[in-house]
Amino acid sequence: MSFGVVSGDPAAGLDGLTVEQIEGLPFGKVTTTGQRWAVADVRLLSPILPSKVVCVGRNYAEHAAEHGADVPKEPLLFLKPSTAVIGPGDAIKLPPVSKRVEHEAELAVVIGMTGARRLDRSAATSAIFGYTCANDVTARDLQRSDGQWTRAKGFDSFCPLGPWIDTEFDASDVEVNCTVGDEVRQQGRTKDMIFDIPTLISYVSYVMTLLPGDVILTGTPAGVGPLTDGDTVTVGIGGLGTLTNPVVNLD
């Protein structure tokens, strides 16, 4: 198990991509080992193992509206534990205690080597290492009954990340979409976020120190819906890649 640098054109599919192994962590100066493989011949894990996943609720007006909720005046924050993180192809496991588990397609921001602590908005972009796809899986019935969101958002496997981190990505106006099987469920654009990415990083950094590799989930567009045993759910970020996971019952 190691980090690597992916080369090639993702639009051509995995067959045209290679990954070169690097020494240690991907932050700072990257030193390769000389080992290279076809991406199709390796297992892609979550591209980062964060100490914490900071999530933003109701950051798209239409998503807030579909739940009959007001748009927040400040970013609405909650956390997912690191144990919720899984990678591409790993199974989202539906807990028996919930009768309504839903997908939430999101753009994820990965924090870089410097971390982030009490940064103003103009300095926040300096803390970005890159971007990846995320699925903020949610037990909706538990979210509503509990009043706070820790249990609904925190089950093991409820935070798929991947397939890789794009360190040169322009996230200002890209599509965020979700399909379940052949059905398109969500289609939004990052330009429609209520709070943009620099604002989110700055806001979070005044609450808690963001460490290298920490992840911020930036909110989901409208169209969230249920996942059931046997489904296959795919989160796509335009120009970045797709993240696909099967869905199974935990029991």
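Right, let's walk through the structure included here.

Quick notes on the rules
Residues numbered from 1 in each chain as written. Predicted model: local features only at pLDDT ≥ 70, side-chain atom pairs only at ≥ 80, totals over all residues. Heavy atoms only, no water. Pairing = 2+ DSSP bridges. Helix = DSSP H or I, 4+ residues; strand = E, 2+ residues; numbered from the N terminus. Axes fitted to C-alpha atoms, helices over the stretch in contact; angles between N-to-C directions. Buried < 20%, exposed > 50% of the residue type's maximum accessible area, 1.4 Å probe, protein only. Polar contact = N/O pair within 3.5 Å; in protein donor to acceptor, adjacent residues only side chain to side chain. Contact = heavy atoms within 4.5 Å. Phe/Tyr/Trp six-rings, centres within 6.5 Å; stacked < 30°, edge-to-face > 60°. Salt bridge = Lys/Arg side-chain N within 4 Å of Asp/Glu carboxyl O.

**Quick word on the sheet that holds strand β3 (residues 32-38)**
Move 1: In space, the three strands of this open sheet follow the order β1-β2-β3, with antiparallel pairing throughout. With partners counted over all chains shown, the strands left at the sheet margins are β1 (4-7) and β3, one partner each. Strand-to-strand, the axes of this sheet are offset by a mean angle of 25°, without reference to chain direction.
Move 2: Across four bridges, β1 lies against strand β2 (residues 18-22) in antiparallel orientation. Paired with Val6 across the strands is Val19, a residue of β2.

**Some thoughts on the sheet that holds strand β10 (residues 128-135)**
Move 1: Across the sheet, which stays open at both edges, the seven strands sit in the order β5-β4-β15-β9-β10-β12-β6 with mixed pairing between neighbours. Only two strands of the sheet have a single neighbouring strand rather than two, namely β5 (76-80) and β6 (85-86).

**Describing the side chain of His103**
Move 1: Mapped onto the secondary structure, His103 falls in the loop between β8 (101-102) and β9 (105-111).
Move 2: When its relative accessible area of 0% is taken as the criterion, His103 is described as buried.
Move 3: At a separation of 3.0 Å, a polar atom in the side chain of His103 contacts the side chain of Arg185.
Move 4: Of note is the side chain of His103, whose polar atom sits 3.0 Å from the side chain of Gln186.
Move 5: Setting aside its immediate chain neighbours within four residues, His103 contacts Asn135, Cys178, Val180, Arg185, Gln186, Gly223, Val224, Gly225, Pro226, Leu227 and Val233.

**Regarding the packing of aromatic side chains**
Move 1: Evaluation of the coordinates by the stated rule reveals four aromatic pairs.
Move 2: Summarising the aromatic geometry, the rings of Phe78 and Trp149 are spaced 5.1 Å apart at their centres and angled 70° between planes, so their arrangement reads as edge-to-face. Taken together, the positions of Phe78 in strand β5 and Trp149 in the loop between α3 (140-146) and α4 (150-154) put the pair 71 residues apart, joining distant regions of the chain. Accessibility assignment for this pair places Phe78 and Trp149 in one class, buried.

**A word on the environment of Thr150**
Move 1: By secondary structure assignment, the location of Thr150 is in helix α4.
Move 2: The class of Thr150 is exposed, set by a relative accessible area of 55%.
Move 3: In the structure, Thr150 is positioned 70 residues away from Lys80 in sequence and 7.2 Å away in space, judged by C-alpha atoms.

**Examining the pattern of salt bridges**
Move 1: One pass over the full model with this rule turns up 14 salt bridges.
Move 2: In this structure, Arg140 and Glu102 form a salt bridge, with 2.7 Å as the shortest nitrogen-oxygen distance. In this pair, Arg140 sits in helix α3 while Glu102 sits in strand β8, placing the two residues 38 residues apart along the sequence. Taken as a pair, Arg140 and Glu102 share a single burial class, namely buried.
Move 3: Taking the shortest distance from any N to any O, the salt bridge between Arg140 and Glu104 comes out at 2.7 Å. Note that Arg140 is positioned in helix α3 and Glu104 in the loop between β8 and β9, a separation of 36 residues in sequence. Exposure class is identical for Arg140 and Glu104. Each is buried.
Move 4: Taken together, the shared-partner salt bridges connect Lys80, Arg100, Glu102, Glu104, Asp136, Arg140 and Lys153 into one network.

**Here's the deal with unusual backbone geometry**
Move 1: A cis amide bond links Gly162 to the next residue, Pro163, at an omega of 5°.
Move 2: On the secondary structure map, Pro163 appears in strand β12 (residues 159-166).
Move 3: In this structure, Arg118 takes a positive phi of about 50° despite not being glycine.
Move 4: Within the fold, Arg118 resides in the loop between β9 and α2 (121-124).
Move 5: With a phi close to 85°, Ser157 is a non-glycine residue in the positive phi region.
Move 6: Examined against the element boundaries, Ser157 turns out to sit in the loop between α4 and β12.
Move 7: Judged by its relative accessible area of 4%, Ser157 falls in the buried class.

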